[in-house]
Structure formats: structure tokens, C-alpha cells
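Working through the structure, step by step
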Amino acid sequence: VSEICNHYFLGNTAKSLELQQKMLGFTRAMFLETNPSPIKYAMSLYGICEPTLRLPLLSPENATRVAIKNEISKLEGSEVMSFIPEEYSGTQDNS
């Protein structure tokens, strides 16, 4: 998101829009359920945290988990994923 803003404020609106459009599916997937469940699940795919939550929060539904995985796979290797540190550079199976 910071790259989108940086490009926009530098006047590179075409690049900003391009990045925003690339992230649109992922952004939508993050809001299929109440946060922080989807983002915590996405981070757990990279081993950044565990996918566990405390009540009253619940883990994302299976359909949401599938949507998140699908959107991440579309972004893998693209510049919008460049913020992920090298040590977390591959998804793990947290079905």
C-alpha cells in the first residue's frame, strides 16, 4: 500500500493505479470476514505468526482461506509482494 501511495504522490499515477489493481483481489479477500482473522491467516502462510486467534475472534471460514491463498498465488513474485522479508519468502500450508 505504501508503494501505491508513494507512486501517487510522486505524480506517477499510472503506476499507482497499476499496483492498486494488482492488489484489488487480495484486498477484497482481506475483508471477506472480520479483521484481523484474514490478515493473520495470510501472515501465517508465510510463517510470520500462528493462525490462532482468541475468542471472540474465529479463524476464517474455509472459503475465505481458499480465496486468500488464491489471491496470494496470483501476487507471488510480483513487486507488490516485495515487502515480505526473505526469511518468509514462501507460503506454508496452513489449511
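1. Let's talk about the packing of helix H1 (residues 2–9) against helix H2 (residues 13–30)
Where H1 contacts H2, the two axes come as close as 7 Å, and the packing angle between them is 160°. One element, H1, and the other, H2, form an angle in the roughly antiparallel class. Two packed elements cross with a definite hand, and for H1 against H2 that hand is left-handed. On H2, the residues touching Glu3, Ile4, His7 and Tyr8 of H1 are Thr13, Lys15, Ser16, Leu19 and Gln20. Partitioned by chemical class, the residues of the contact of H1 with H2 number 3 nonpolar, 4 polar and 2 charged.

2. Here's the deal with the side chain of Thr64
Inspection of the secondary structure puts Thr64 in helix H4 (residues 62–75). Polar contacts involving the side chain of Thr64 include one to the side chain of Glu33, which spans 2.5 Å. Apart from residues no more than four positions distant in its own chain, Thr64 is found in contact with Ala29, Leu32 and Glu33.

The rules behind these values
- Residues numbered from 1 in each chain as written.
- Predicted model: local features only at pLDDT ≥ 70, side-chain atom pairs only at ≥ 80, totals over all residues.
- Heavy atoms only, no water.
- Axes fitted to C-alpha atoms, helices over the stretch in contact; angles between N-to-C directions.
- Helix = DSSP H or I, 4+ residues; strand = E, 2+ residues; numbered from the N terminus.
- Parallel < 35°, antiparallel > 145°, perpendicular 65-115°, else oblique.
- Left-handed = near helix turned anticlockwise from the far one by under 90°.
- Contact = heavy atoms within 4.5 Å.
- Nonpolar A, V, L, I, M, F, W, Y, C, P; charged D, E, K, R; others polar.
- Polar contact = N/O pair within 3.5 Å; in protein donor to acceptor, adjacent residues only side chain to side chain.

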